[in-house]
Amino acid sequence: MTQQLILNQTIADGLDVIGDRWTLLILRSAFYGINRFDAFQAATGASRSTLTRRLNALIEHEIFYKHPYSSAANRFEYKFTEKGLGLLGPSLLAAKWESDWQTEDYIDIKGRLFHEHCGSYMTPKVICRACKGELSFDKVEWPNMAKQLDSQLEEIRTYNTQHRKRVNKQRNGHVGNSNLASLIGDRWTLLVLIASFLGVQRYDAFLNSLSTPPSVLSERLKQLVANNIFSKVEYQKNPPRHNYVLTEKGKSLFPFVMTLRQWVASESADCATPLKHSCCGKPLKIDVVCDQCDQRPWPSDMQYHHQK
Ligand SMILES: [Zn+2]
Ligand SMILES: [Zn+2]
């Protein structure tokens with residue numbers, strides 16, 4: 001049944017750390033073919049007001065557009081724009097991540113993706129477009145870490161200004177400008193994650209490199225530890241000092257974060273310094289492909305088969 005798309009609370013808590021679970025759920029449902037309000041509601045379990053807000057935000061961000069399906073009543077379907085279709089990869093990876101890290105009491109998402117193109121059940125695989133090699137955490141070169149963080153920070157400053165303005169207008173303002181964290185999640189958390197992908201481990205280093213307000217940073221680090229994204233490793237006894245080290249669960253967020261970043265970069269003119277794939281030395285362009293046939297799936301040739 002449609003209720004199967006509802007996330008288990010534990011996973012949802014994890015997702016709250018990296019993103020807005022409603023938005024991710026709505027996107028996923030839409031990629032599985034859902035496109036009407038009532039069906040979204042049944043699939044996601046969101047309240048009418050929550051769903052209305054998220055759908056409006058997705059339209060505002062030009063992820064969806066409204067398409068009337070009945071002229072008699074004022075009825076619409078929500079369809080992906082070109083830009084919205086670009087979120088297929090991140091959406092598949094978010095689903096994979098949840099499924100990979102499900103806890104024992106995780107029972108809700110039971111189903112498999114069927115790729116009609118090759119006639120197989122598929123798992124998304126992340127590859128380098130140039131050499132087709134699978135992307136891994138340690139095979140990406142960041143040309144200039146300081147510059148990376150700078151450009152990320154600039155985004156944050158822009159976001160914070162716009163966000164504040166908008167919150168004044170809109171009480172539950174979950175929208176900012178049109179990049180990823182304003183849409184999917186908490187910007188500071190993503191930034192902390194990205195810094196840690198770049199090798200930052202210590203509280204002071206996060207503080208210095210990100211210019212995060214200390215209280216915000218402490219809070220986010222605490223959440224990330226609680227969700228087993230970081231583990232705290234003591235490097236000094238007196239006074240006690242810790243490194244925040246990515247766990248396997250944390251490292252496995254890498255492809256998701258990278259594809260999201262790529263999507264953001266493709267939608268904004270000057271975001272993000274190009275990264276390099278150290279296996280082939282080419283600028284890194286990521287493709288999310290079917291692990292069975294190595295082709296990029298398309299919403300129209302994927303089916304979601306529920307399992308009982
Ligand atoms: Zn490559
Ligand atoms: Zn396939």
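Look a little higher up for the structure.
Here the structure is a predicted model, which means the values were calculated and not measured.

Rules behind the numbers
- Residues numbered from 1 in each chain as written.
- Chains lettered and ligands numbered in written order.
- Predicted model: local features only at pLDDT ≥ 70, side-chain atom pairs only at ≥ 80, totals over all residues.
- Heavy atoms only, no water.
- Donors = N, O, S within 2.8 Å, 3.2 Å for Na, K, Ca; no water.
- Tetrahedral: all angles 85-135°; square planar, octahedral: opposite > 155°, others 65-115°.
- Helix = DSSP H or I, 4+ residues; strand = E, 2+ residues; numbered from the N terminus.
- Buried < 20%, exposed > 50% of the residue type's maximum accessible area, 1.4 Å probe, protein only.
- Core = buried A, V, L, I, M, F, W, Y, C linked by side-chain atoms within 4.5 Å.
- Domains from an automatic or database assignment.
- Polar contact = N/O pair within 3.5 Å; in protein donor to acceptor, adjacent residues only side chain to side chain.
- Pairing = 2+ DSSP bridges.
- Phe/Tyr/Trp six-rings, centres within 6.5 Å; stacked < 30°, edge-to-face > 60°.
- Lys NZ or Arg CZ within 6 Å of the ring centre and 35° of its normal.

Chemist: Give me the lowdown on the coordination of the zinc ion (ligand 1), citing residues and values where you can.
Modeler: Around the zinc ion (ligand 1), the protein contributes the donor atoms Cys 128 (SG), Cys 131 (SG), His 277 (ND1) and Cys 280 (SG), at 2.0 to 2.3 Å from the metal centre. Relative to the metal, the 4 donor atoms surrounding the zinc ion (ligand 1) lie at angles of 101 to 116°, and the coordination shape comes out tetrahedral. Between the donor residues of the zinc ion (ligand 1), the gaps in sequence give the motif C-x2-C-x145-H-x2-C. Of this pair, Cys 128 sits in strand β5 (residues 124-128) while His 277 sits in strand β9 (residues 276-277), placing them 149 residues apart in sequence. Using a relative accessible area of 0% as the deciding quantity, one classes His 277 as buried.

Chemist: Which residues make up the nonpolar core, and what values do they have?
Modeler: Phe 40, Phe 64, Trp 142, Phe 206, Phe 230 and Val 257 are the most contacted members of the largest nonpolar core, which has 67 residues in total. At 8 residues, the largest contribution of residues to this core is made by helix α9 (residues 187-197). A domain split of this core shows at least three residues from each of domain 1 (2-109) and domain 2 (144-249).

Chemist: Could you give me a rundown of the side chain of Thr 44, with the residues and numbers involved?
Modeler: Secondary-structure assignment places Thr 44 in helix α3 (residues 37-44). Polar contacts involving the side chain of Thr 44 include one to the main-chain carbonyl oxygen of Phe 40, which spans 2.8 Å. A polar contact of 3.2 Å, which involves the side chain of Thr 44, links it to the backbone nitrogen of Ala 46.

Chemist: Got a sec to walk through the coordination of the zinc ion (ligand 2)? Specific residues and values, please.
Modeler: Those donors, His 115 (ND1), Cys 118 (SG), Cys 290 (SG) and Cys 293 (SG), are the protein atoms that reach the zinc ion (ligand 2), and they lie 2.0 to 2.4 Å from it. Counting gaps between the donor residues of the zinc ion (ligand 2) yields the pattern H-x2-C-x171-C-x2-C. Pair noted here: His 115 is in strand β3 (residues 111-115) and Cys 293 is in the loop between β10 (286-290) and β11 (302-306), with a separation of 178 residues, a long-range link. Residue class for His 115 comes out buried when judged on its relative accessible area of 0%.

Chemist: A description of the pairing of strand β7 (residues 230-236) should follow, citing residues and the corresponding values.
Modeler: Residues in a regular strand point their side chains to alternate faces of the sheet. Note: β7 against strand β8 (residues 241-246), 6 bridges, orientation antiparallel. In the sheet register, Gln 236 faces β8, and the bridge partner there is Arg 241.

Chemist: So what's going on with the packing of aromatic side chains? Residues and values would help.
Modeler: Counted according to the given criterion, the structure contains 9 aromatic pairs. Measuring from ring centre to ring centre gives 6.2 Å for Phe 40 and Tyr 78, while their planes differ by 70°; the resulting arrangement is edge-to-face. With Phe 40 in helix α3 and Tyr 78 in strand β2 (residues 75-80), this pair connects stretches of sequence that are 38 residues apart. In terms of burial, Phe 40 and Tyr 78 fall into one category: buried. Among the aromatic residues, those joined into a ring-pair cluster are Phe 31, Phe 40, Phe 64, Tyr 78 and Phe 80. Note that Arg 112 overlies the ring of Tyr 121, its terminal NZ or CZ placed 4.0 Å from the centroid. Between the NZ or CZ atom of Arg 202 and the centre of the ring of Tyr 235, over which it lies, the distance is 3.7 Å.

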